[in-house]
Amino acid sequence: IKEINEQATAVRNTLTEKSTIQEIIDDLGDISRICFVACGTSFHASITGKYLLESIAGIPTDVILASEFKYSANTLNEDTLVIFISQSGETADSLKALDLANKTSKTLGIVNVAGSAITRRADYVIQTQAGPEIGVAATKTYVSQLTAIYLFAALIADDEKLLEDVYKVPDFIEELLKEVDSIKAMSKKYKFARDFFFIGRGYSYPIALEGALKLKEITYIHGEGYAAGELKHGPLALIDEGIPVVVILPPGENHRKTMSNLEEVKARGADILAVGSKEDERLKLKSDDLFAINDDVNEIIAPLVYIVPLQLLAYYVAVEKGLDPDKPKNLAKCVTV
Ligand code: F1P
């Protein structure tokens, strides 16, 4: 919980890396393709990076799991930038992939632990400034990775408006952290659930994936993150009376469609836990439980803010179940084999 509460500071401190990131961009020159490579939570930060770089900077971007990377290594060349996202900088699969990528391409590590293997082996390094993270499940390092990725994308695309919005993120996080009581109440209600679904579109899709992973990691409840538009391609069959569905609904162009997905699952009897804007009157009526966030958090910067209530939900459900959220079973802080 301490690390969840330190996230505004972690973002603020990582924003100080802006000039280093600008120097890296200037040095890189022309890049025709970007590949993100990562594992776990860092993989979810990478998906957000792909959406940003493709939609804002127009650079074709792939996201590859480090453990599956060898199949893609043949397609890399000297105009590809391969970005390794890792909290520890020591994850074995990421290191293997980095050695392969170094043979053909420029490599950049976005890493929290100074002096770690990725920082020593990559051509360029952005150091996230989350401070030491002891909890096994990544929280403040995740928002810090996202901060570095947003700075990189906004600077490469020269997008002043996005930069301005990202600088407001710490205040938005501080504001929402004052309102955790509603999440504590939700955790009491849902601690006996066996399955959860998390749905979101566009930038909210990786939020759904990461929300589900946090729940799995520390509560051992099965959580499935889905792109809301994929529901009709299968998982709708699993939505039944009383199944909790977390709907991520920030204001923006995807709002209308996600709202109709919400209605679809509600019609099947699902319990709707929504995360949306404080000014979304319709959502207040449609959801069973709502965590409301400042209306100025649009869907593009939502990944940096909307993830926080989902981390808190996982945390409080774990506590309600009598589990230790800092030491989940079968999960190491750093996977070195
Ligand atoms: C990747 C990761 C973490 C997760 C756990 C196991 O680590 O999957 O996201 O929380 O600790 O490893 P890293 O490469 O980001 O250090």
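Residues numbered from 1 in each chain as written. Predicted model: local features only at pLDDT ≥ 70, side-chain atom pairs only at ≥ 80, totals over all residues.

Overview of the overall build of the chain
Test applied: Put simply, DSSP H or I for four residues or longer makes a helix, DSSP E for two residues or longer makes a strand, and each gets a number counted from the N terminus. Any residue with 12 or fewer other C-beta atoms within 10 Å of its own C-beta is exposed, any with 20 or more is buried, and the rest are partly exposed; the C-beta atoms used are placed from the backbone. Here contacts are defined at the residue level, using C-beta atoms placed from the backbone and a cut-off of 7 Å between them.
Secondary structure summary: the chain contains 15 helices and 10 strands in total. Looking at the chain as a whole, 52% of its 337 residues are labelled buried. For the chain, the share of sequence-separated contacts (at least 6 apart) that also reach a separation of at least 24 residues comes to 73%.

With respect to the site of the ligand
Note the threshold: Using a C-beta atom placed from the backbone for every residue, we mark a residue as near a molecule or strand if that atom lies within 6 Å of it. The classification used treats Ala, Val, Leu, Ile, Met, Phe, Trp, Tyr, Cys and Pro as nonpolar, Asp, Glu, Lys and Arg as charged, and all other residues, Gly among them, as polar.
By nearness alone, 16 residues border the ligand, and Gly40, Thr41, Ser86, Ser88 and Thr91 come closest of all. With 3 residues, helix α4 (residues 40-55) is the largest single contributor of residues to the shell around the ligand. Class assignment for the residues of the shell around the ligand results in 7 nonpolar, 8 polar and 1 charged.

Some words on helix α2 (residues 7-15)
Here is the rule we go by: Summarising the geometry, the arc corresponds to the directions from the helix axis toward the C-beta atoms.
By the burial criterion, the buried members of α2 are Gln7, Ala8, Ala10, Val11 and Thr14. Viewed end-on, α2 has its buried residues packed into an arc of 165°, placing them on one side of the element. For α2, the elements touching its buried residues are α1 (2-5), α7 (140-156), α9 (169-177), α14 (302-305) and α15 (307-320).

Details of the sheet that holds strand β2 (residues 61-65)
The cut-off we apply is this: Strand pairing is assigned whenever DSSP detects at least two bridges linking the two strands. To get an axis, a line is fitted to the C-alpha atoms, and for a helix only the part in contact is used. The angle between two axes follows their N-to-C directions and goes from 0 to 180 degrees.
One open sheet holds the 5 strands; their spatial order is β2-β1-β3-β4-β5, and the pairing between them is parallel. Strand pairing shows two members of the sheet lacking a second neighbour, β2 and β5 (124-127), which therefore form its edges. If you compare each strand with its neighbour and ignore which way they point, the axes differ by 20° on average. Lying on the sheet, helix α3 (residues 18-28) is in contact with β3 (80-86), β4 (106-111) and β5; it crosses β5 at an angle near 160°.

Here's the deal with the domain arrangement of the chain
Quick note on the threshold: Domain limits in this description derive from either an automatic procedure or a database domain assignment.
Domain assignment breaks the chain into domain 1 (2-167) and domain 2 (173-320). Contacts between the two partners involve 19 residues from domain 1 and, on the opposite side, 21 residues from domain 2. For the side of domain 1 that touches domain 2, the secondary-structure elements that each account for two or more residues are α1, α2, α4, α7 and α8 (160-167). Broken down by element, the residue count for the side of domain 1 that touches domain 2 peaks at 5 residues, all from α4. Considered class by class, the residues forming the side of domain 1 that touches domain 2 number 11 nonpolar, 7 polar and 1 charged.

Details of α4
As a reminder of what qualifies: Here a helix's expected span is defined as the number of its residues, less one, multiplied by 1.5 Å.
Over its 16 residues, α4 runs 24 Å from end to end, which matches the ideal 22 Å to within 8%, given 1.5 Å per residue. By the criterion of burial, α4 is predominantly enclosed, with 13 of the 16 residues buried.

Quick look at the confidence of the model for the chain
Put simply, the test is: Per-residue confidence from the predictor is given as pLDDT, running between 0 and 100.
Of the residues in the chain, 100% reach a pLDDT of 70 or more, and the chain-wide mean stands at 96. As a predicted assembly, this complex carries a pTM of 0.97 together with an ipTM value of 0.97.

Overview of the pairing of strand β8 (residues 244-249)
In terms of residue burial, β8 counts as a mostly covered element, since 6 of its 6 residues are buried. The two faces of β8 match: Pro244, Val246 and Ile248 on one face and Val245, Val247 and Leu249 on the other face are all buried. Inspection of the sheet shows strand β6 (residues 195-200) paired to β8 by 3 bridges, in the parallel sense. Among the inter-strand pairings, Phe197 is bridged to a residue of β8, identified as Val245. Bridge count for β8 against strand β9 (residues 271-277) is 6 bridges, and the pairing is parallel. Looking at β9, one finds that Pro244 is bridged to Asp271.

A short note on the pairing of β3
Heads up, the condition is: Handedness is read with the strands pointing away from the viewer; a crossover is right-handed when the path from the first strand over the helix to the second is clockwise.
Judged by how many residues are buried, β3 sits mostly within the fold: 6 of 7 residues are covered. Relative to β3, strand β1 (residues 33-38) is paired through 5 bridges, and the arrangement is parallel. Pairing of Arg33 across the sheet is with Thr80, part of β3. With helix α5 (residues 92-102) bridging β3 and its parallel neighbour β4, the resulting β-α-β unit is right-handed.

Some remarks on the sheet that holds strand β7 (residues 222-227)
As summarised here, the arrangement of the 5 strands in space is β7-β6-β8-β9-β10, forming an open sheet in which the pairing is parallel. Each edge of the sheet is formed by a strand with only one pairing partner; in this case those strands are β7 and β10 (289-293). Each neighbouring strand pair of the sheet contributes to a mean axis angle of 15°, computed without reference to strand direction. One ladder, built from 6 bridges, connects β6 with β7; its direction is parallel. For Phe198, the partnering residue across the bridge sits in β7 and is Gly225. This element, helix α11 (residues 204-219), spans β6, β7 and β8 of the sheet and lies at about 175° to β7.

Thoughts on the packing of α3 against α7
Selection rule: Oblique is the label for any angle not under 35 degrees, not over 145, and not in the 65 to 115 range, which are roughly parallel, roughly antiparallel and roughly perpendicular in turn. Two helices that cross are described as forming a left-handed crossing if the nearer one is turned anticlockwise from the farther one by less than a right angle, and a right-handed crossing if clockwise.
Between α3 and α7, the shortest axis-to-axis distance is 10 Å and the interhelical angle comes to 50°. In terms of orientation, α3 lies oblique with respect to α7. Where α3 crosses over α7, the two elements pack in a sense that is right-handed. Listed contacts from α7 to Lys18, Ile21, Gln22 and Ile25 of α3 are Leu151, Phe152, Leu155 and Ile156. Across the contact of α3 with α7, the residue classes break down as 6 nonpolar, 1 polar and 1 charged.

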